[in-house]
Amino acid sequence: GTVMAARGTALPRGRGNAVLPEDSLVDTPVAEARRRKPHRRKAQHWRPQERGRQPKSPQQPPPTTLAPAIEPHQPPPVPLQPPLTQHAPLFLPDSPTSTALASSISAGTEGTVLIQPLVPLCLPPNGHLVGTGSSMPPRVTSAGAGSDKGAGRRLLLQACWDLHSPAGCSRPTCKWKHCALDTWQSAWLRLQRFCFGGQLGSFENLGALAGAVRIVYSDEVRLASDTPPAMSASLGAAFGALVPLGYPFQAAGTLSAMRGVAPETGNGGSRIGRASLLASLRVLAAAALPAGAEVVPVGSFAWGIDTDGSDLDVVITRSGGGDAGPEALDCLLSTLDKLQKQGSAPPGLEAAEPAIYGRSGGVPILSINTSQVDGDALSADACVTGQLGSVRDAVLFRHMFFRMPQLRMILQLLKRWLRARAVPTSSEGSYPQVFWMRLAARTFQQLSESGEVPGGQRSATPAPVSAPSSAQAFDLLRDFCSRWSQAKPAWGELLNLIGEEPCVPVKRLNTGVHGATALLCMFELRNLATLPCSDTVTPVPPHQHLCPAKAGFWAAFLVPTPGADKGVANGPQSELVVAWVSECIGPRENVRRCNCTACSKLRGQPVASGSKLPPVHEYLSRRDADWVFLGHTLPEGHSNGKGVPRHFALAPPHFVSLLDRDPVVSKMVVAQLRMFLAEPQVAKSLPPAYPFNRYNRRVLLRFASKAVHPRK
């Protein structure tokens with residue numbers, strides 16, 4: 001590089017220096033650019049043989065033969081636009097950076113250009129946001145106006161989110177402004193951090209979230225001046241749509257945002273039945289928890305996309321929004337049993353069957369199976385922990401539905417397809433509903449022009465467009481199924497919506513699902529992708545993909561190959577086997593009872609004498625590792641009487657699907673599964689098959705007792 005000196009001063013010849021005519025500094029554009037650009041002195045390189053002559057101190061001044069260099073000031077980087085990782089959902093106003101840069105460049109004497117250092121912003125202790133060398137902070141009124149219009153918006157764009165959270169900012173050198181904010185500004189930033197940043201720790205509980213919503217949306221003048229109108233309106237409508245469902249989000253701004261929005265008709269009688277069940281659960285919670293409790297819906301019912309057969313998911317909190325604790329589920333269970341015996345149970349819960357799952361691991365859930373007046377199945381899942389994540393999903397998807405109305409129809413159609421093909425749910429050991437909804441919404445946003453801004457910039461508030469027709473939604477969904485039937489999204493792959501910051505809870509949505517379950521889900525997506533041009537889906541029997549809890553069935557299992565057990569990298573790592581299960585061993589408390597329409601009608605029949613529960617279908621979760629299936633395959637070459645059957649000790653994580661008959665009759669289905677597994681992309685994206693010989697202590701003790709006391 002060239003060492004710059006005062007104009008007209010000759011530079012000595014030598015390495016790194018060049019003698020240029022005086023006019024060339026201003027005549028050529030390249031020279032002019034070099035003159036304006038500050039240059040660093042080139043580092044001196046020492047040869048190994050000269051290592052001993054190196055200066056002992058790196059601070060040693062350079063040789064005196066060189067001209068004194070002008071130390072250019074390196075200002076701290078000022079972001080022209082907040083990146084997606086900090087302010088993804090916010091707006092893109094006129095950046096003040098260009099003005100600041102223009103004011104920092106002034107003409108010097110003798111034609112030189114002096115670049116003044118940018119004034120860094122700092123925060124005095126217990127003071128306002130001021131610039132270095134300035135004595136007066138910028139004046140911003142409650143409406144965001146004042147001597148500097150737009151100062152409120154710019155401050156919200158550049159302020160640090162984490163600083164105004166309960167945990168504070170832990171960055172050693174934060175590039176965002178650490179400044180004092182008023183109550184309204186702090187509440188708005190925390191809402192952005194919670195809804196679009198995925199930082200659930202921004203609020204301690206539902207009550208704290210409701211308090212921030214009331215603070216922000218009670219000042220409509222401040223909303224109009226300091227926030228982007230489209231985004232704040234759709235977010236306020238999302239909060240307002242949850243108020244009729246029992247959420248404490250009442251505020252002037254949330255109610256005004258709902259004006260002109262058509263009321264939700266839902267899915268006819270099914271949604272009315274779920275609303276009645278929600279009211280009964282609130283009566284039950286009031287009787288079981290005298291100190292006060294709140295029951296708010298989450299999941300598809302709260303999003304407004306529930307369909308026929310959808311469950312009712314609720315979270316239970318203490319009055320004020322605090323966590324109720326896992327003991328609240330025991331209180332609900334015992335109170336319901338007592339009220340049923342007294343004949344005073346709430347409507348719809350007189351003959352309900354409650355059970356608590358997830359005590360040994362995971363999130364405890366109180367599952368209540370009941371039926372509607374017409375006999376259709378109806379169930380509810382109640383939990384008391386992790387409610388803020390489900391509440392955030394309801395707010396976020398409601399916000400996206402107001403911005404993209406066509407997204408609601410596509411997600412509802414996807415739910416109908418998955419239910420018709422009996423794709424396993426999270427309660428059955430598969431992916432949760434929010435995984436499929438996020439995957440479909442993200443895929444649709446990437447394909448939709450309204451989700452992208454020209455120039456590659458992402459927009460958190462895409463312009464609303466008209467809803468597509470049923471044929472268009474069908475084609476979009478079929479393309480979605482074709483794409484994700486070839487490769488399953490891996491851990492960490494983006495499942496966040498456009499305008500939402502990727503966060504750890506979203507990245508973990510597809511974890512914990514074993515290879516057998518992932519294979520079945522991808523295979524069913526392939527079947528949906530090959531549907532004819534009609535909205536009719538060939539239904540699958542509701543028990544086809546449920547892992548049975550009773551022996552005596554043929555099924556397909558995905559097991560690791562012998563090479564995978566030995567760590568051989570070459571060759572297939574898993575294989576599909578067909579086995580007859582002759583014995584099932586495991587704890588009885590892990591067994592679940594199906595609540596499909598057929599089983600629900602069985603519950604309505606009179607109970608036989610001596611039996612406590614009707615004979616409904618019982619199944620196990622696909623993630624349950626406490627059970628063992630003893631099975632064997634058909635002898636190889638059974639047609640000519642040769643071969644030896646293979647014996648396995650399997651587990652529910654190995655289970656793929658039931659077979660209608662023995663494998664000889666169902667060989668077409670087995671052949672399709674094996675061909676699908678042989679596809680390179682499918683085999684590469686699948687999680688590894690669940691390993692053999694992995695038993696817990698209870699299972700080993702059960703086997704030991706059977707060995708000591710063999711059956712006669």
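Going by the structure above, here's the rest.
The following paragraphs examine the structure supplied in this document. Source: prediction; values computed, not measured. Numbers given for residues are sequential positions, taken from 1 along each chain in its written order. pLDDT decides what is reported in this predicted model: residues at 70 or higher carry local features, side-chain atom pairs at 80 or more are listed and counted, and totals for whole chains, interfaces and linings draw on all residues regardless. Calculation of side-chain values draws on the structure's entire complement of heavy atoms; hydrogens and water are dropped beforehand.

1. Concerning the pairing of strand 15 (residues 628-632)
- Sheet topology note: the strand 12 (residues 574-585)/strand 15 ladder contains five bridges and is antiparallel. Bridge pairing in strand 15 places Trp580 opposite His632.
- Only strands joined by at least two bridges in the DSSP assignment are considered to pair. The secondary structure listing takes helices from DSSP runs of H or I that are at least 4 residues long and strands from runs of E that are at least 2 residues long, numbered from the N terminus. As defined by bridge partners, strand 15 adjoins strand 16 (residues 647-650) across four bridges and the pair is classed as antiparallel. Its bridge partner being in strand 16, Phe629 is matched across the sheet by Leu650.

2. Things to note about the pattern of salt bridges
- By definition, a salt bridge exists where a carboxyl oxygen of Asp or Glu is found within 4 Å of a side-chain nitrogen of Lys or Arg. Summed over the entire model, instances satisfying the criterion amount to 16 salt bridges.
- The closest approach of N and O atoms between Asp337 and Lys341, which form a salt bridge, is 3.3 Å. On the criterion of helical spacing, the pair formed by Asp337 and Lys341 is a turn pair, its members being four residues apart in helix 13 (residues 327-342).
- The rule is simple: take the accessible area with a 1.4 Å probe, protein chains only, and divide by the maximum for that residue type; under 20% is buried, over 50% is exposed, in between is partly exposed. The class for Asp337 is partly exposed, based on a relative accessible area of 35%.

3. Notes on the packing of helix 14 (residues 387-403) against helix 16 (residues 433-447)
- Packing of helix 14 against helix 16 brings their axes to within 13 Å, and their N-to-C directions diverge by 30°. As summarised for this structure, helix 14 and helix 16 are arranged roughly parallel, according to the angle between their axes. Handedness of the crossing formed by helix 14 with helix 16: left-handed. Listed contacts from helix 16 to Arg392, Asp393, Leu396, Phe397 and Met400 of helix 14 are Val434, Met437, Arg438, Ala441 and Gln445.
- Any residue that is not Ala, Val, Leu, Ile, Met, Phe, Trp, Tyr, Cys, Pro, Asp, Glu, Lys or Arg is counted as polar, Gly included; the first ten are nonpolar and the last four charged. Considered class by class, the residues forming the contact of helix 14 with helix 16 number six nonpolar, one polar and three charged. An axis is simply a line fitted to the C-alpha atoms; with a helix, the fit covers only the stretch in contact. Between two such axes, the angle follows the N-to-C directions and lies from 0 to 180 degrees. Angles below 35 degrees are treated as roughly parallel, those above 145 as roughly antiparallel, those between 65 and 115 as roughly perpendicular, and all remaining angles as oblique. Handedness of a crossing is defined here by the sense of rotation of the near helix relative to the far one, left-handed for an anticlockwise turn of less than a right angle and right-handed for a clockwise turn. What makes two residues a contact is simply this: any of their non-hydrogen atoms within 4.5 Å.

4. Description of the packing of helix 6 (residues 183-195) against helix 7 (residues 206-217)
- Orientation of helix 6 relative to helix 7, taken along the N-to-C sense of each, is 125°, at an axis distance of 9 Å. Judged by the inter-axis angle, helix 6 sits oblique to helix 7. Where helix 6 crosses over helix 7, the handedness of that crossing is left-handed. Here Thr183, Trp184, Ala187, Trp188, Leu191 and Phe194 of helix 6 come into contact with helix 7, specifically with Leu209, Ala212, Val213, Ile215, Val216 and Tyr217.

5. Brief notes about the pairing of strand 12
- The element strand 12 is largely enclosed, with a buried count of nine among its twelve residues.
- With eight bridges joining them, strand 11 (residues 553-560) and strand 12 adopt antiparallel strand pairing. Across the sheet, Phe557 pairs through a bridge with Val577, a residue of strand 12.

6. Examining the environment of Trp580
- Structurally, Trp580 is set in strand 12.
- Looking at Trp580, the relative accessible area reads 28%, which means it is partly exposed.
- With 27 residues separating them in the primary sequence, Trp580 and Phe553 have C-alpha atoms 5.8 Å apart.
- Apart from the residues lying within four places of it in its own chain, the contact partners of Trp580 are Gly552, Phe553, Trp554, Leu630, Gly631 and His632.

7. Quick look at the sheet that holds strand 13 (residues 592-593)
- As summarised here, the arrangement of the three strands in space is 10-14-13, forming an open sheet in which the pairing is antiparallel. With partners counted over all chains shown, the strands left at the sheet margins are strand 10 (547-548) and strand 13, one partner each.
- For strand 10 and strand 14 (residues 618-620), the ladder comprises two bridges, and the chain directions are antiparallel. Paired with Pro548 across the bridge in strand 14 is Tyr619.

8. Examining the environment of Val577
- Structurally, Val577 can be placed in strand 12.
- The exposure class assigned to Val577 is buried, which follows from its relative accessible area of 3%.
- When the C-alpha atoms of Val577 and Phe557 are compared, they prove to be 5.4 Å apart, with 20 residues separating the residues in sequence.
- Setting aside residues up to four positions removed in sequence, Val577 forms contacts with Ala555, Ala556, Phe557, Val559, Arg646, Phe648 and Arg674.

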